[in-house]
Every structure is written in structure tokens, then in C-alpha cells.
Amino acid sequence: MKQTQKRKGEHVDIVLNQDVQGHQSNGFDAIRFNYYALPEQDFHAVNLETTFLGHALKAPFMVTGMTGGYTDAQKINSEIAQACAQEGIVFAVGSQRAMLEDPTLSKTYAVKQKGLFLCGNIGAYQLKQYSLKQIQWLVDAINADALCIHLNPLQEAVQPEGDKNWNGILAKIADTCDALRVPVIAKEVGAGINVTIAKELQKAGVKAIDVSGTGGTSWSAVEHHRHGLSGDVFWDFGIPTASALAQCAKAVKVPLIASGGIRSGLEAAKAIRLGATLAGAASPFIKAQQHAGVSGVRQAIQKYKHELKTTMFLTRSKDLNALKKAELLK
Ligand SMILES: Cc1cc2nc3c(=O)[nH]c(=O)nc-3n(C[C@H](O)[C@H](O)[C@H](O)COP(=O)(O)O)c2cc1C
């Protein structure tokens with residue numbers, strides 16, 4: 001088994017069995033909605049529908065990229081994809097680097113189905129190592145609607161085998177945005193994107209940004225469990241999700257995704273209020289899939305939907321446009 005495949009399996013194993021959550025808040029607990037004791041609307045009429053990159057969704061959620069590239073990953077991706085298709089939300093596979101190294105692994109990512117907005121995924125660093133033709137192949141091989149490019153310099157820095165020369169990657173992202181036949185989404189993996197980076201990414205041509213901040217899965221923590229280097233020192237390093245989102249929302253026009261410790265529909269509502277188009281999460285859904293397959297993931301998505309709807313009901317927000325203007329307590 002190649003190192004990339006082995007590492008992906010280890011990552012999932014650690015996320016499922018060890019403490020890897022940020023020890024500090026994602027920042028949303030400081031935000032409170034003004035509550036309307038007379039909602040003057042029917043809970044059942046609250047509308048969660050939205051569009052993302054031209055695609056209609058039943059609710060503003062995304063299961064962000066996690067896995068692929070080893071045998072067990074096929075079942076994980078397939079079951080989460082089925083749940084996302086049925087619930088009308090976006091799904092992204094994890095890094096497709098393993099299939100560049102061994103094309104027979106494509107099947108572990110190929111989970112496109114009717115009605116599903118499916119995103120591919122590759123590390124920004126891999127843009128230095130592979131041709132634009134190969135990157136386009138990643139998209140085509142799984143029939144993806146968009147490609148997520150992940151920025152993970154913190155993770156690479158605390159990983160002994162990590163890629164450490166990050167010169168010239170922004171230009172590679174711009175070339176990819178120019179050449180690719182689908183939109184590019186730039187994302188962090190849990191350490192956050194600040195306003196400077198968001199502006200640079202927008203200028204490079206990305207069509208959406210997932211700010212993926214601290215407060216949820218910590219990749220420093222994951223790497224610390226793998227080899228005990230400095231991951232513990234950097235466990236909470238980075239920008240809390242709410243803060244990353246607030247800075248980026250003021251400065252860029254592309255749709256923003258908020259992930260990083262979003263563990264309820266109430267937090268998703270706060271993210272949308274601060275300017276996110278979608279709220280995303282990763283680890284809760286792989287846990288739900290391991291626990292109860294497609295129905296477990298569907299239940300987890302339905303719980304997020306219910307909590308988002310409840311928040312909208314109680315803030316007199318009949319739809320997501322109204323939620324974006326809902327009053328906050330000072
Ligand atoms: C098991 C696991 C594997 C992940 N692998 C990837 C990956 O391959 N590519 C990527 O862009 N992000 C990856 N992530 C990061 C998530 O997409 C997300 O940005 C981050 O975990 C924060 O969300 P959370 O706090 O809801 O888990 C992974 C997350 C988990 C939990």
C-alpha cells in the first residue's frame with residue numbers, strides 16, 4: 001500500500017477514535033439572535049432552499065471532503081453521497097491524490113448520482129506536482145461539478161513527511177481556475193482563511209471559498225496522534241471559524257462556506273447570518289456513517305435542518321434571505 005493510501009486510512013481511524021476536536025471555541029457562541037416570542041409564521045412554511053454555483057439545493061449544507069483512495073473509503077463516500085443526494089445538499093470527496101498515484105482507486109471516489117452536486121478534491125500543493133490535464137482528469141473521472149482545492153500548510157508543517165515549500169502555489173491555483181472546465185472552490189482544513197488570502201483567492205479566479213476555521217477537527221491534533229511531534233503546540237492554531245467568516249464576508253463577493261466545528265443547525269444559522277452561503281461539516285457525518293450507514297447520515301443532516309429551521313422560525317426569518325438580516329443581540 002502506498003504512503004498516501006495508508007495515511008488516509010490512519011486519518012479516518014484517528015478522527016473516529018481519538019480526541020481531535022479543537023479545545024477552543026469556533027467563535028459562534030459569542031453570537032446570539034434576538035428571539036421573537038411571537039414568530040407570526042408557520043414553522044412548516046419556513047423555507048431552507050437555496051442555490052449554490054447555479055445548482056438548486058434543498059438546504060444550505062455541505063458535507064466537506066474527507067476520504068477516498070483505500071478500500072473502505074468506497075463505502076464511506078458512497079453512503080454519505082447517497083444521504084446527501086436524498087437530502088438535497090452538497091457532497092465533496094476527500095483528496096484525490098491517491099488516484100493520481102494509482103488510477104484503479106478512482107472507484108473509491110466515483111459516487112456521482114442523480115441530483116447530487118459532487119465536488120472533487122485535491123491539495124493545493126499537488127498543483128505543483130501534477131499537470132493541468134491530470135487535474136482535469138480528477139474531475140472528469142468522477143463526473144464532479146466542482147473541484148475543491150485544499151490549503152493545509154499547518155498540517156504539512158507538523159507532518160514529518162509533509163510538503164514544506166509553498167512558494168508559487170497561488171499562481172498554480174490561478175492557472176487551474178483558468179484551465180478547468182468546472183468551478184474551483186478553495187478551502188482550508190480547519191485552521192481558517194483570513195481576509196488577505198480570501199482576496200487573493202478571489203483574484204485568482206476561485207468561485208467559492210470554505211473558510212474552514214478552528215474549533216472543530218484539528219489537523220495538528222490528528223498529526224500529533226500519528227507521530228507525537230509539535231501537533232499539540234499547534235492544536236488550536238489558526239482563526240476561529242466565526243472570525244474567519246466575518247472578515248472574509250466583508251471583503252469578497254464569491255459565495256462563502258463556513259466549516260470548522262459547525263455542530264448544530266443553530267451554529268449553521270449563525271454562519272449564514274454572518275455571510276455564509278452554505279454551512280459545512282466533516283467529522284459528524286463520518287461518525288454518523290460509521291454508526292448507521294446512509295440512514296445515520298440522513299438523520300444527522302435532518303437534525304441540522306430541523307435546528308436551522310427552528311432558529312429561523314424563532315427569529316421571524318421565513319427564508320434564508322431573511323435570516324441573513326435577522327437581528328442579533330448586542
Ligand atoms: C476524516 C477527515 C478527513 C479529511 N480529509 C480531508 C481531505 O482529504 N481534503 C480536505 O480538503 N479536507 C479534509 N478534511 C477536512 C474537512 O473537510 C474540514 O475542512 C475540517 O474537518 C473541519 O470540519 P469539521 O470540524 O466539521 O470536521 C478531513 C476531515 C476529516 C474529519
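Note that the structure is predicted; figures quoted are calculated from it, not measured. (Residues numbered from 1 in each chain as written. Predicted model: local features only at pLDDT ≥ 70, side-chain atom pairs only at ≥ 80, totals over all residues. Heavy atoms only, no water.)

### What to know about the state of the cysteines
Enumeration according to the criterion identifies zero disulfides in this entry. With no disulfide of its own, Cys119 lies 4.3 Å from the sulfur of Cys148, the closest cysteine sulfur. Of the residues examined, Cys119 reaches a relative accessible area of 0% and is grouped as buried. (Disulfide = S-S within 2.5 Å. Buried < 20%, exposed > 50% of the residue type's maximum accessible area, 1.4 Å probe, protein only.)

### Here's the deal with the site of the ligand
Near the ligand there are 24 residues, and of these Lys8, Lys187, Ser212, Thr217 and Arg263 occur at the shortest range. In this structure, Ser283 approaches the ligand through a main-chain N or O atom, which is 3.2 Å from an oxygen atom. Put simply, the ligand lies in the largest cavity. At the level of elements, helix 1 (3-17), strand 7 (184-188) and helix 11 (283-314) are the ones that each hand at least two residues to the shell around the ligand. (Near = heavy atom within 4 Å. Polar contact = N/O pair within 3.5 Å; in protein donor to acceptor, adjacent residues only side chain to side chain. 1 Å grid on protein atoms, 1.4 Å probe; cavity = no way out; pocket = protein on both sides within 12 Å on 5 of 7 lines; lining within 4 Å. Sits in = over half its atoms within 2 Å of the grid points. Helix = DSSP H or I, 4+ residues; strand = E, 2+ residues; numbered from the N terminus.)

### Thoughts on the layout of surface pockets
The volume enclosed by the largest pocket comes to roughly 300 Å³. Those elements that provide at least two residues to the lining of the largest pocket are helix 6 (169-179) and helix 7 (195-204). A breakdown of the residues in the lining of the largest pocket according to their chemical character gives 10 nonpolar, two polar and two charged. Around the second largest pocket, the lining residues are Ile31, Arg32, Phe33, Tyr35, Leu266, Lys270, Glu307, Thr310, Thr311, Leu314 and Thr315. Sorting the residues of the lining of the second largest pocket by element identifies helix 10 (265-273) and helix 11 as the ones contributing at least two each. No other element matches the four residues that helix 11 contributes to the lining of the second largest pocket. (Points joined across faces, edges and corners; volume = space filled by probe spheres on them. Nonpolar A, V, L, I, M, F, W, Y, C, P; charged D, E, K, R; others polar.)

### Details of the nonpolar core
Grouped together as the largest cluster of nonpolar side chains are 90 residues, with contacts concentrated most on Phe91, Ile173, Leu245, Phe285, Leu308 and Leu323. If sequence neighbours within four positions are ignored, Ile173 has contacts with Ala124, Leu127, Leu151, Leu201, Ala204 and Val206. By size, the runner-up hydrophobic cluster in this structure holds 13 residues, among which are Leu57, Val90, Cys119 and Cys148. (Core = buried A, V, L, I, M, F, W, Y, C linked by side-chain atoms within 4.5 Å. Contact = heavy atoms within 4.5 Å.)

### Considerations on the packing of helix 1 against helix 8 (residues 219-227)
At their nearest, the axes of helix 1 and helix 8 sit 10 Å apart, and the two run at 105° to each other. When the axis of helix 1 is compared with that of helix 8, the two are roughly perpendicular. In this structure, helix 1 uses Arg7, Glu10, His11, Ile14 and Val15 to contact helix 8, whose residues at the interface are Trp219, Val222, Glu223, His225 and Arg226. Among the residues forming the contact of helix 1 with helix 8, the class breakdown is four nonpolar, two polar and four charged. (Axes fitted to C-alpha atoms, helices over the stretch in contact; angles between N-to-C directions. Parallel < 35°, antiparallel > 145°, perpendicular 65-115°, else oblique.)

Any link to function would need more than the numbers given here.
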